[in-house]
Amino acid sequence: MKYISIFLLLIGICSCQPKTHIFIVRHAEKIDNSRDPELSESGKMRSANLAIILKKEHITEVYSTNYKRTLQTAQPICDLIGGAQLYILLTRLIIWQPSLYPR
């Protein structure tokens, strides 16, 4: 009986907590295969449509890498929602160099 009471208490506590939803989106279509391309016209349309779809989700934060294509995908969401904070994650290439980590 003690375990049932603890279980019910935990269910009650968990159900009171606000839920967090995370949407993971890949960048829209890019204009070419260069290192840091911008979005193509169809990619810009797709990101605008994505913003419309996500508007009803009450998004407060958007995270993006600093590549043009990802920022151009994320920005319309922030613009349409109004009030969503855009966080830019700096990216860097990490190369494993065994000499830096001797055993």
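Within each chain, residues carry numbers counting from 1 in the order of the written sequence. At least 70 in pLDDT is required for a residue's local features to be given in this predicted model, at least 80 for side-chain atom pairs to be given and counted, and no such filter applies to totals for whole chains, interfaces and linings, which use all residues. Calculation of side-chain values draws on the structure's entire complement of heavy atoms; hydrogens and water are dropped beforehand.

Novice: Help me understand the pattern of salt bridges, please; the structure alone is not making it clear to me.
Specialist: Pairs may arise between side chains of opposite charge once their charged atoms sit close together. Only one rule defines a salt bridge in this text: a Lys or Arg side-chain nitrogen within 4 Å of an Asp or Glu carboxyl oxygen. Using the criterion set out here, one finds 3 salt bridges in the structure. A salt bridge links Arg 46 to Glu 29; its shortest N-O distance comes to 2.7 Å. Remark: Glu 29 occurs in the loop between α1 (2–16) and α2 (41–54) and Arg 46 occurs in helix α2; sequence separation between them is 17 residues. The shortest N-O distance in the salt bridge between Lys 56 and Glu 57 comes to 3.5 Å. Helix and strand assignments come from DSSP, with helices taken as H or I runs of at least 4 residues and strands as E runs of at least 2, each series counted from the N terminus.

Novice: How do you make sense of the nonpolar core when you look at a structure like this?
Specialist: The tendency in soluble globular proteins is for nonpolar side chains to be buried side by side. Leu 50, Ala 51, Leu 54, Ile 59, Val 62, Ala 74, Ile 77, Cys 78, Ile 81, Ala 84 and Leu 86 together form the largest nonpolar core, which totals 11 residues. Examining the composition of this core, we find that 4 residues originate from one element, helix α3 (residues 68–81), more than from any other. Setting aside residues no more than four positions away along its own chain, Ala 74 makes contact with Val 62, Ser 64 and Leu 86. The criterion is simple. A nonpolar core is a set of buried Ala, Val, Leu, Ile, Met, Phe, Trp, Tyr and Cys residues joined through side-chain atoms within 4.5 Å. Only protein chains enter the accessibility calculation, which uses a 1.4 Å probe; a residue is then buried when its area is under 20% of its type maximum, exposed when over 50%, and partly exposed in between. Residue contacts are counted whenever heavy atoms from the two residues lie within 4.5 Å of one another.

Novice: Can you walk me through unusual backbone geometry in this structure?
Specialist: Excluding glycine, residues mostly have negative phi values, and the peptide bonds linking residues are mostly trans. Phi angles above zero are rare outside glycine, and His 58 is one such case at about 55°. Along the chain, the position of His 58 falls in the loop between α2 and β1 (61–65). Assessed through its relative accessible area of 68%, His 58 is described here as exposed.

Novice: Explain α3 to me, please; I cannot follow it from the model alone.
Specialist: For an α-helix, the turn length of 3.6 residues means that residues three or four places apart are oriented alike. Under the convention used throughout, the expected extent of a helix is 1.5 Å for every residue step, that is, one less than its residue count. Its 14 residues place the ends of α3 20 Å apart at the C-alpha level, agreeing with the 20 Å of an ideal helix rising 1.5 Å per residue. Here the buried face of α3 lies against α2, β1 and β2 (85–89). A positive backbone phi angle near 70° is found at Gly 82, which sits one or two residues after α3.

Novice: I tried to follow the environment of Asn 49 on my own but got confused; where do I start?
Specialist: Within the element layout of this structure, Asn 49 appears in helix α2. Owing to a relative accessible area of 44%, Asn 49 belongs among the partly exposed residues under this scheme. Along the backbone, Asn 49 and Pro 76 are 27 residues apart, and their C-alpha atoms lie at a distance of 9.0 Å.

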